[in-house]
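Next come the chains, spelled out residue by residue.
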Amino acid sequence: MTLRHALTALLMSTSALAAQDATTGMQTLMIPDTQGTRHLEGFLWYPAETALTEAAHGNAVWEPILVAPDATARPGPFPLVVLSHGMFGNARNQAWLADRLVAQGYAVAAIDHPGTSTFNRDPDHQRQLWNRPRDISRVIDHLADDPRIDASRIYMAGHSLGGFTAVALAGGRYDPDGFDAFCADRPDDLVCGIFDRWHVARSPEDRAAIAQDLSDNRIRAFAVFDLGGTQSFSTESLGAIESPMLVYGAPVDLEGLNLDVESRALVAALPPSLTTYHEPETLAHFDFLGVCTENGLAILKEEEPDDVFVCEEGREARRAEHARIASEVAAFFAAY
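Residues numbered from 1 in each chain as written. Predicted model: local features only at pLDDT ≥ 70, side-chain atom pairs only at ≥ 80, totals over all residues. Heavy atoms only, no water.

Some remarks on the pattern of salt bridges
Per the counting criterion, the structure on display carries 20 salt bridges. D196 is the partner of R202 in a salt bridge, and the nearest nitrogen-oxygen pair spans 2.9 Å. Of the charged contacts, one joins E328 and R324 as a salt bridge, the two residues approaching to 3.6 Å between their closest N and O atoms. Taken together, the residues E328 and R324, both in helix α12 (residues 316-334) and four residues apart, mark about one turn of the helix. (Salt bridge = Lys/Arg side-chain N within 4 Å of Asp/Glu carboxyl O. Helix = DSSP H or I, 4+ residues; strand = E, 2+ residues; numbered from the N terminus.)

Here we look at the layout of surface pockets
By volume, the largest pocket is sized at about 1,100 Å³. Among the elements of the structure, α2 (95-103), α7 (190-197) and α12 are those that each provide at least two residues to the lining of the largest pocket. Of the residues in the lining of the largest pocket, the class split is 22 nonpolar, 14 polar and nine charged. Estimates place the volume of the second largest pocket at around 210 Å³. For the second largest pocket, the lining is made up of 14 residues, of which F179, D180, C183, C192 and D196 are closest to its centre. Broken down by secondary-structure element, the contributors of at least two residues to the lining of the second largest pocket are α6 (176-185) and α7. (1 Å grid on protein atoms, 1.4 Å probe; cavity = no way out; pocket = protein on both sides within 12 Å on 5 of 7 lines; lining within 4 Å. Points joined across faces, edges and corners; volume = space filled by probe spheres on them. Nonpolar A, V, L, I, M, F, W, Y, C, P; charged D, E, K, R; others polar.)

Some thoughts on unusual backbone geometry
Apart from glycine, the bulk of residues carry a negative phi angle, and the bulk of peptide bonds sit in the trans form. Note that the residue after G76, namely P77, is joined by a cis bond; omega there is 5°. In this fold, P77 is placed in the loop between β4 (65-69) and β5 (78-84). The backbone of A201 sits at a positive phi, close to 60°, despite the residue not being glycine. By the secondary structure assignment, A201 is in the loop between α7 and α8 (204-210).

Observations regarding the packing of aromatic side chains
Here a ring pair, both rings aromatic, is described through the centre-centre distance and the interplanar angle of the planes. Per the stated rule, a full pass over the model turns up 16 aromatic pairs. Consider the rings of F164 and F233, whose centres lie 5.1 Å apart with planes at 35°: the pair is tilted. Note that F164 is positioned in helix α5 (residues 161-170) and F233 in the loop between β8 (219-225) and α9 (235-239), a separation of 69 residues in sequence. In this pair, the class of F164 matches that of F233, namely buried. Ring geometry for F332 and Y336: centres 5.3 Å apart, planes at 55°, overall tilted. Overall, the relative accessible area of 10% leaves F332 in the buried class. Relative accessible area serves as the criterion here: at 18%, Y336 is assigned to the buried category. Site record: aromatic cluster; members linked through ring pairs are F88, F164, Y174, F179, F195, W198 and F233. Positioned above the aromatic ring of F88, the side-chain terminus of R121 is 4.0 Å from the ring centre. The aromatic ring of Y46 is capped on one face by R148, whose charged end is 4.8 Å from the ring centroid. (Phe/Tyr/Trp six-rings, centres within 6.5 Å; stacked < 30°, edge-to-face > 60°. Buried < 20%, exposed > 50% of the residue type's maximum accessible area, 1.4 Å probe, protein only. Lys NZ or Arg CZ within 6 Å of the ring centre and 35° of its normal.)

Points about α2
Every buried residue of α2 is accounted for by A95, W96, L97, A98, L101 and V102. Downstream of α2 by one or two residues, G105 has phi in the positive range, about 95°.

Things to note about the nonpolar core
Counting residues in hydrophobic clusters, the biggest one holds 58 residues, and the most contacted among them are L80, V167, F195 and M245. For V167, the contacting residues outside a window of four places in its chain are G172, V224, L227, F233, L238, I241, M245 and L266. Counting 37 residues, the second-largest nonpolar core is a separate cluster that includes V81, L97, F225 and L283. (Core = buried A, V, L, I, M, F, W, Y, C linked by side-chain atoms within 4.5 Å. Contact = heavy atoms within 4.5 Å.)

Concerning the side chain of D150
Turning to its location among the elements, D150 is positioned in strand β7 (residues 149-159). Within the structure, D150 has its side chain in polar contact with the side chain of R153 (distance 2.8 Å). The contact partners of D150, leaving out residues within four places of it in the chain, are P77, F78 and P79. (Polar contact = N/O pair within 3.5 Å; in protein donor to acceptor, adjacent residues only side chain to side chain.)

Describing empty space enclosed by the protein
Here the structure, examined in full by the defined rule, presents one cavity of 30 Å³ or more. Surrounding the largest cavity, L83, S84, H85, N90, A91, Q94, A110 and I111 form its lining. When contributions to the lining of the largest cavity are tallied by element, the ones reaching two or more residues are β5 and β6 (107-111). Here the residues of the lining of the largest cavity sort into four nonpolar, four polar and no charged.

Keep in mind these numbers describe shape, not what the thing actually does.
This is how it looks when you write it as structure tokens:
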């Protein structure tokens, strides 16, 4: 660790001590698209002065977190972490991580990605995957002048398709021809099938749009949670990434992702000096979602039997995974 990193870590640890007793403040984010229809909605969580709290982001299946809506922020500014959810997920999916990072002195933002969120599966937005990284850049634009935010310390974390989004923001370049060749040899690959159904990179215009440089150099470091889509990036572009990357692979196979062509392949292609890899043997893909309620698994078995896997081992074991992951992510970002 360089002297600059050590000093940053010291400053962050001091900020964390100051925030330990802070309430998690919450503000709704609304970011209109002045050029089209890709409006963004989500949340900003931040260290707030002690205030009355209420349960948020929970339901009969998912445990909530406690927040104080629109509460007065503690003295800042705070480093910002922007989160990107997975396929057909939403801004609430990593509220557990936001809550824990706020306790460490971070502000955290997340939005629903149009086309690939729980609430918006519009086919045109869906196929335009190049707009996912742009969504995150728009969030940063929106918050850059917010007095609660330290615009010099911005980080990003993404789960699953959000991990794909993170890699694009770090400088990974989608390789249409290379991905086509990969999928021709592996027609049963999960990501190949999904991108094919979404008509990704079919037209010449779409191929040019998705292959462009989508990086955002305002983001200092990234955390990638069991991504899908490594095989769509050019190996050369992955090797040229200059941002620190914390990568998690989930070996408990509940989603069909092949670690050898996903997280392990990503780590093999990234610069070793900037890359940290964790592959806990009990970690599953959906452990990056929230903690399930006591009755969550039973409810899914009764009402959504095809989705029961999201709550398997989804209580105390997952809570322990969350504590470890949040601690590792906070420490990793603090070093940069």
